[in-house]
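Chain by chain, the residues run as shown.
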Amino acid sequence: MGEQTEAVLVEQRGNTLLVTINRPEARNAINRDVTVGIGDALEHAEKQVDIRTVVLTGAGDKSFCAGADLKALARGESLLFDEGPRAAWGFAGYVSHHISKPTIAAVNGTALGGGTELVLASDLVVAADTAVFGLPEVKRGLVAGAGGLFRLPAQLPPKVAMQLLVTGDPLTAREALDLHLVNSVVPADQVLTAALELAERINANAPLAVQASKRVAQGMIGGAIPAEADSWALSADERTLVRSSNDAKEGPRAFAEKREPVWTGT
């Protein structure tokens, strides 16, 4: 199934592939091993006829995914690939990795930053009542570069999305349900069971019809969504510009020093 990593657990349950980010000690933050593990699992799912759905979740009961592993980044570890087939898969091997099989996020806890971007990239979402969502990057002098800046406005009312983007405020699971960002909210100890049950309802249908329905609904052609191309390019350009700013250095520094940041707008 490709390169296996301890950072991601992959298990086939009937016609569903269960993919678990297995770094609870790091709040299931994304490093290069996780990127490889999730990306390869999706490739495997797409190629296997007997796999009809994918469920993505996190280990433990505290965090679904805390976004990028900042410690790995500080060591100079790249989370993305510059060449080869994995280069097109994006953050976590997931956010721009388009497959025909429906994907379900089983959000077992906090899903801030990149965790919310995994949610936005999923077809369906089952959330624990303890889940928290949001894109707090602006509080650190950064921007959400894994699809959040254009997918959140596409999936929520525009003014609600804009408020979340520019304030960095979080959403509770119940608020996310009211805004239709998630499909259902269940007690935390039932989130994986509920996600797998939803997958079984999909698996009971004709797989080719399900996959064709997803491709048409999302405008997917040849494993890509052409309508998103300009948004990805704009997002990448703006992210590069912001990351080179003094504020982008000040935000993480202030966080590490446990103080309020002093923004200069430069």
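Located above this text is the structure these notes cover.
This section reports on the structure supplied with the text. Just so you know, these numbers come straight off a predicted model, no measurement behind them.

Scoring rules and cut-offs
- Here, residues in each chain are numbered from 1, in the same order as that chain's written sequence.
- Reporting in this predicted model follows two pLDDT cut-offs: at least 70 for local features of residues, and 80 or more for side-chain atom pairs to be given and counted; totals over whole chains, interfaces and linings ignore these cut-offs and use all residues.
- Note that the side-chain values use all heavy atoms of the structure and ignore hydrogens as well as water.
- Burial classes: relative accessible area under 20% of the type maximum marks a residue as buried, over 50% as exposed, and values in between as partly exposed (1.4 Å probe, protein chains only).
- In this description a helix means any DSSP run of H or I spanning at least four residues, a strand means any run of E spanning at least two, and both kinds are numbered starting from the N terminus.
- Note on pairing: two strands pair once DSSP finds at least 2 bridges between them.
- Take the buried Ala, Val, Leu, Ile, Met, Phe, Trp, Tyr and Cys residues and link them wherever side-chain atoms come within 4.5 Å; each set so joined is a nonpolar core.
- A 3.5 Å cut-off defines polar contacts: any pair of N or O atoms within that distance qualifies, except that in protein one atom must be a possible hydrogen donor and the other a possible acceptor, and neighbouring residues in sequence count only when both atoms are side-chain atoms.
- Only one rule defines a salt bridge in this text: a Lys or Arg side-chain nitrogen within 4 Å of an Asp or Glu carboxyl oxygen.
- For this analysis, residues touch if any pair of their heavy atoms sits within 4.5 Å.
- Axis lines are fitted through C-alpha atoms, for helices just across the contact stretch, and the angle between N-to-C directions can take any value from 0 to 180 degrees.
- In this description, one arc is meant: the one made by directions from the helix axis to the C-beta atoms.

Moving on: the pairing of strand 6 (residues 124-128). With four of its five residues buried, strand 6 lies for the most part within the structure. Bridge analysis of strand 4 (residues 103-107) against strand 6 gives four bridges, and the strand direction is parallel. By the bridge assignment for strand 6, Ile-104 is matched with Leu-124. Pairing between strand 6 and strand 9 (residues 184-186): three bridges, direction parallel. By the bridge assignment, Ala-127 is partnered in strand 9 with Val-185.

Generally speaking, soluble globular proteins have nonpolar side chains that are buried together. Formed by 46 residues in total, the largest nonpolar core has its most connected members in Ile-38, Phe-64, Val-107, Leu-118 and Phe-133. Elements represented by at least two residues in this core include exactly strand 2 (16-21), helix 1 (32-47), strand 3 (53-58), strand 4, helix 3 (114-121), strand 6, helix 5 (158-167) and helix 6 (173-178). In terms of residue count, helix 1 provides more of this core than any other element does, five residues in total. Val-55, Ile-104, Val-191 and Ile-202 belong to the second largest nonpolar core, which has 15 residues in total.

A few words now on the side chain of Thr-53. Within the secondary structure, Thr-53 sits in strand 3. In terms of polar contacts, Thr-53 uses its side chain to reach the side chain of Thr-16, at 2.8 Å.

Enumeration according to the criterion identifies eight salt bridges in this entry. A salt bridge links Lys-214 to Asp-123, with the shortest nitrogen-to-oxygen separation between them at 2.6 Å. Here Lys-214 is found in helix 8 (residues 207-218), whereas its partner Asp-123 is found in the loop between helix 3 and strand 6, with 91 residues between them in sequence. Overall, the relative accessible area of 10% leaves Lys-214 in the buried class. By relative accessible area, which is 25% here, Asp-123 ends up partly exposed. Across the pair Arg-259 and Glu-250 runs a salt bridge whose closest N-O atoms are separated by 2.7 Å. The structure contains a network of salt bridges with shared partners spanning Glu-250, Arg-253, Glu-257 and Arg-259.

Another point: the sheet that holds strand 8 (residues 171-172). If you walk across this open sheet you meet the three strands as 5-7-8, and the pairing is mixed. Since the sheet does not close on itself, it has two edges, and those belong to strand 5 (110-112) and strand 8, each with one partner. Two elements, strand 7 (residues 132-134) and strand 8, share two bridges in a ladder whose sense is antiparallel. The residue bridging Val-132 from the neighbouring strand is Thr-172, located in strand 8. On the sheet, helix 3 packs against strand 5 and strand 7 and is oriented at approximately 90° with respect to strand 5.

Let us now look at unusual backbone geometry. Phi is positive for Ala-92, which is not a glycine, with a value near 65°. Its location among the elements puts Ala-92 in the loop between helix 2 (70-74) and strand 4. Of the residues examined, Ala-92 reaches a relative accessible area of 0% and is grouped as buried. Even without being glycine, His-180 reaches a positive phi, approximately 65°. One can find His-180 in the loop between helix 6 and strand 9.

Residues lying three or four places apart along an α-helix face the same way, a consequence of the helix completing one turn every 3.6 residues. For helix 5, every residue scored as buried is listed here: Ala-161, Leu-164 and Leu-165. Down the axis of helix 5, the buried set is contained in an arc of 100°. They therefore lie on one face. Exposed side chains of helix 5 directed beyond 90 degrees from the buried face belong to Lys-159, Gln-163 and Val-166. For helix 5, the secondary structure elements touched by its buried residues are helix 4 (148-155) and strand 8. Just past helix 5, the residue Gly-168 takes up positive phi, approximately 75°.

So yeah, pure geometry; function would need other evidence.
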